[in-house]
Protein chains: 2
Amino acid sequence: MARKTKAEAALTKDRIVTCARQVFARDGVTNTSLEEVARVAGVTRGAVYWHFRNKADLFMAVRSQTGLLIQLGQAKVGDPLQRLENGLLQALQRLSEETAAQETYEVMLWKCEYVGEFAQVRDDLIGSGRLFLDDAETLYREARAAGIVAANLDPKTAAVATFCFYAGILKIWLGDTRGTILRQHAQQAIAHHIAQQRRIPLAATRQVDRRGPPAKDSSP
Amino acid sequence: MARKTKAEAALTKDRIVTCARQVFARDGVTNTSLEEVARVAGVTRGAVYWHFRNKADLFMAVRSQTGLLIQLGQAKVGDPLQRLENGLLQALQRLSEETAAQETYEVMLWKCEYVGEFAQVRDDLIGSGRLFLDDAETLYREARAAGIVAANLDPKTAAVATFCFYAGILKIWLGDTRGTILRQHAQQAIAHHIAQQRRIPLAATRQVDRRGPPAKDSSP
DNA sequence: GGTTTTACATACAGACATGTATGTAAAGGT
DNA sequence: ACCTTTACATACATGTCTGTATGTAAAACC
């Protein structure tokens, strides 16, 4: 067959990744044959094996094409708890707006078996979880310094709790395809979770003016 | 081959389920062949196909052999929030003590692709999540009536938040096999999550006497 | 402009899993 | 004691996936 330009080849590679994501999301990783991926991408298995070692390698490419949902480290707006809350909200927003992100996380959380070569991917997932954890701990530490959480709040513990909450909300949000459980309440649940960390929980104060400016920056 | 007694047959069936759980936990559901399950159980595929329609049916049996981790409805000790906390703690305790439960949930959360016949299992999982949610909501409603949470706390929202927290803690607890992230802090995170719901968070009060009577029942 | 390398398509060999069909000997009922 | 059903084991037929080896024509390089 006629050799393709470098640019064309890169396009082909990217198309294979995109199609792999879709097929993974439909059939699950293990049940997906590379031949099916190739078919959907309009190539043959030869092309797939040219660009990727095997299915695990292709899966890695799918992951890195989507990237992480949030980087708390980059949050800039509001007090520490606001930044944390915004991060969580933004993750959900990406899930609901970007089909690619939704498919990728659907695959990672519900349609992938972390066995053999994929056990490594699992460690990677846990590793990126650690990033979240560390960022969250930093935020809680700042919040404590700013006096917006209880003085005896343990940043580590609070970060772990928020991390679990985050992991669960992603899992359930994606798992509850019919939207009967979480879809409507996710944002409120996030707001609630964060509010409960505050020293004088916002949720516990009369809040007739909920539509006003969400919170003041109380940092020095 | 010589026909077995009914009792022997039941024993065989149970052994197949137990071995299936182990093999699933080791190789993942999709990568597990029924022949391997049979081999480990000391029978042939004929026995497996006699007792179960196919792999999905066998997986269902594995699930129901283990059952649910917690039933919040049965909690009896302490105030509503105490009961909720105890439920969560008990779930983790079962995970760490019972190998069977650990294996089953390891499979369900990390080594199963919910596709095709298994999509039904996924709905089932979400359904049992709904049970948890309803029970938690009831507990929060009782807690509000008892005045131990803020009067304007929305039981539904709080229940959703706790549900997500629970789902995440199970996922992470099992996923973090090296124990570097969660294993040491899980109990504290649970205590923190619950404490933050209290009107005057327990975590904010000095608690040297944590081993004393957990809480007084303040319901009428 | 000739050679090398690339970007695939095609072909091949082997392994493996599934479902079913059939065999069988003893248990269970009458 | 006979007949039926059970609880498997064995055998078979089929489909499917994987990895690799090989072919090829044009792009890329010098």
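Criteria and thresholds
Residues numbered from 1 in each chain as written. Chains lettered and ligands numbered in written order. Predicted model: local features only at pLDDT ≥ 70, side-chain atom pairs only at ≥ 80, totals over all residues. Heavy atoms only, no water. Near = heavy atom within 4 Å. Polar contact = N/O pair within 3.5 Å; in protein donor to acceptor, adjacent residues only side chain to side chain. Helix = DSSP H or I, 4+ residues; strand = E, 2+ residues; numbered from the N terminus. Salt bridge = Lys/Arg side-chain N within 4 Å of Asp/Glu carboxyl O. Buried < 20%, exposed > 50% of the residue type's maximum accessible area, 1.4 Å probe, protein only. Contact = heavy atoms within 4.5 Å. Expected span 1.5 Å × (residues − 1). Least-squares fit on C-alpha atoms with pLDDT ≥ 70 in both.

Asker: What is the right way to look at the protein's contact with DNA strand D in this model?
Answerer: In the vicinity of DNA strand D, 23 residues are found, and the nearest of them are Arg3, Arg45 and Tyr49 of chain A together with Arg3 and Thr44 of chain B. Atoms of DNA strand D within 4 Å of the protein: sugar and phosphate make up 66%, bases the balance. At 2.9 Å, a side-chain N or O of arginine 3 of chain B approaches a base oxygen of DNA strand D. At 2.6 Å, a side-chain N or O of threonine 44 of chain B approaches a phosphate oxygen of DNA strand D. Where the surface near DNA strand D is concerned, the elements lending two or more residues are α3 (45-51) of chain A together with α1 (6-27) and α3 (45-51) of chain B. Looking at the surface near DNA strand D, the element that brings in the most residues is α3 of chain B, giving four residues.

Asker: Hey, could you run me through the pattern of salt bridges in this one?
Answerer: In a structure, side chains of opposite charge can pair up when their charged atoms sit close to one another. Residue and element names in this part refer to chain B. In this structure the tally under the stated criterion is 26 salt bridges over all chains. Here aspartate 27 makes a salt bridge to arginine 26, at a shortest N to O gap of 3.2 Å. For arginine 26, a relative accessible area of 48% corresponds to the partly exposed category. Among the salt bridges present, the one from glutamate 36 reaches arginine 39, with a minimum N-O distance of 3.8 Å.

Asker: What should I look at first to understand the environment of aspartate 135 of chain A in this one?
Answerer: All names here are of chain A. Within the secondary structure, aspartate 135 is located in helix α7 (residues 117-145). A C-alpha to C-alpha distance of 6.0 Å links aspartate 135 and glycine 73, two positions 62 residues apart in sequence. The contact partners of aspartate 135, leaving out residues within four places of it in the chain, are Leu72 and Gly73.

Asker: Any chance you could explain helix α6 (residues 99-110) of chain B here in plain terms?
Answerer: Every α-helix carries 3.6 residues per turn, so stepping three or four residues along brings you back to the same face. Residues and elements named next belong to chain B. Over its 12 residues, α6 runs 16 Å from end to end, which matches the ideal 16 Å to within 8%, given 1.5 Å per residue. Counting buried residues along α6, nine of its 12 residues qualify, which places the element largely inside the surrounding structure. Buried residues of α6: Ala101, Glu103, Thr104, Tyr105, Glu106, Val107, Met108, Leu109 and Trp110, and no others.

Asker: Is there a simple way to explain the relation of the copies chain A and chain B in this structure?
Answerer: Each copy of the sequence occupies a distinct position, and chain A is placed on chain B by a rotation of 180° and an axial shift of 0.0 Å, giving an RMSD of 0.0 Å. Such a combination of rotation and displacement between the chain copies is what one expects of a two-fold axis. When the interface residues of chain A are mapped onto chain B, 96% of them are again interface residues, pointing to one common binding face.

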